[in-house]
Amino acid sequence: MFLRRSGTGVTIELRAQPRARRSALECTRQGALKAAVTAPAEDGKANKAIVELLATEWRLPKSAFEIMRGAAARAKTVSISGEPALLAGRIGQWMREQGEG
């Protein structure tokens, strides 16, 4: 599972794919999170696009996200600040909606 609760919110682990044909967030069959963004991996552009994608998909403010590890790597750990139960519930709902598609 890519999601962990913490005292100040949740952390997620994801695999980034910069310079993708289209931006998309998906949960793989193995339960991993993959963020494909059209932005290149230079000058933090892909990281900014990943935060924007996560914020849009999960309907959360961009200011709640912070890349904790992997700023220059494809494997990233992202912290999301807020009420852990609420955040986990919202992300869980997103996962259920992805499974229906």
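Rules behind the numbers
Residues numbered from 1 in each chain as written. Predicted model: local features only at pLDDT ≥ 70, side-chain atom pairs only at ≥ 80, totals over all residues. Heavy atoms only, no water. Buried < 20%, exposed > 50% of the residue type's maximum accessible area, 1.4 Å probe, protein only. Helix = DSSP H or I, 4+ residues; strand = E, 2+ residues; numbered from the N terminus. Pairing = 2+ DSSP bridges. Salt bridge = Lys/Arg side-chain N within 4 Å of Asp/Glu carboxyl O. Core = buried A, V, L, I, M, F, W, Y, C linked by side-chain atoms within 4.5 Å. Contact = heavy atoms within 4.5 Å.

### Focus on unusual backbone geometry
Then comes step 1: The residue Asp-43 is not glycine, and still its phi comes out positive at about 55°.
Then comes step 2: What makes Asp-43 exposed here is its relative accessible area of 73%.
Then comes step 3: Unusually for a residue other than glycine, Arg-59 sits at a positive phi of about 50°.
Then comes step 4: By the secondary structure assignment, Arg-59 is in the loop between helix H1 (45-58) and strand E5 (65-69).

### Observations regarding the pairing of strand E6 (residues 75-81)
Then comes step 1: By the criterion of burial, E6 is predominantly enclosed, with five of the seven residues buried.
Then comes step 2: Two strands pair when backbone bridges link them, and strand E2 (residues 9-17) and E6 are joined in this way by seven bridges, in the antiparallel orientation. Looking at the pairing, Arg-15 lines up with Ala-75 of E6.
Then comes step 3: Two strands pair when backbone bridges link them, and E5 and E6 are joined in this way by four bridges, in the antiparallel orientation. Bridge pairing links Phe-65 to Ile-80 in E6.

### What to know about the pattern of salt bridges
Then comes step 1: Applying the stated criterion to the full structure yields three salt bridges.
Then comes step 2: In this structure, Glu-13 and Arg-4 form a salt bridge, with 2.7 Å as the shortest nitrogen-oxygen distance.
Then comes step 3: Since its relative accessible area comes to 33%, Glu-13 is described here as partly exposed.
Then comes step 4: The class of Arg-4 is partly exposed, set by a relative accessible area of 47%.
Then comes step 5: Of the charged contacts in the structure, one is a salt bridge between Glu-42 and Lys-45, with a shortest N-O distance of 3.7 Å.
Then comes step 6: Taking relative accessible area as the criterion, Glu-42 reaches 37% and is therefore assigned partly exposed.
Then comes step 7: Exposure remark for Lys-45: the relative accessible area of 41% places this residue in the partly exposed category.

### Some points on the nonpolar core
Then comes step 1: Ile-12, Leu-14, Leu-33, Leu-54, Trp-58, Phe-65 and Ile-80 are the most contacted members of the largest nonpolar core, which has 28 residues in total.
Then comes step 2: Listing elements by their share of this core, those giving two or more residues are E2, strand E4 (33-36), H1, E6 and helix H2 (84-100).
Then comes step 3: Ranked by residue count, the leading element in this core is H1, at eight residues.
Then comes step 4: With near-sequence residues (within four places) excluded, Ile-12 lies in contact with Phe-2, Leu-3, Leu-33, Leu-54, Trp-58, Lys-76, Thr-77, Val-78, Ile-80 and Ile-91.

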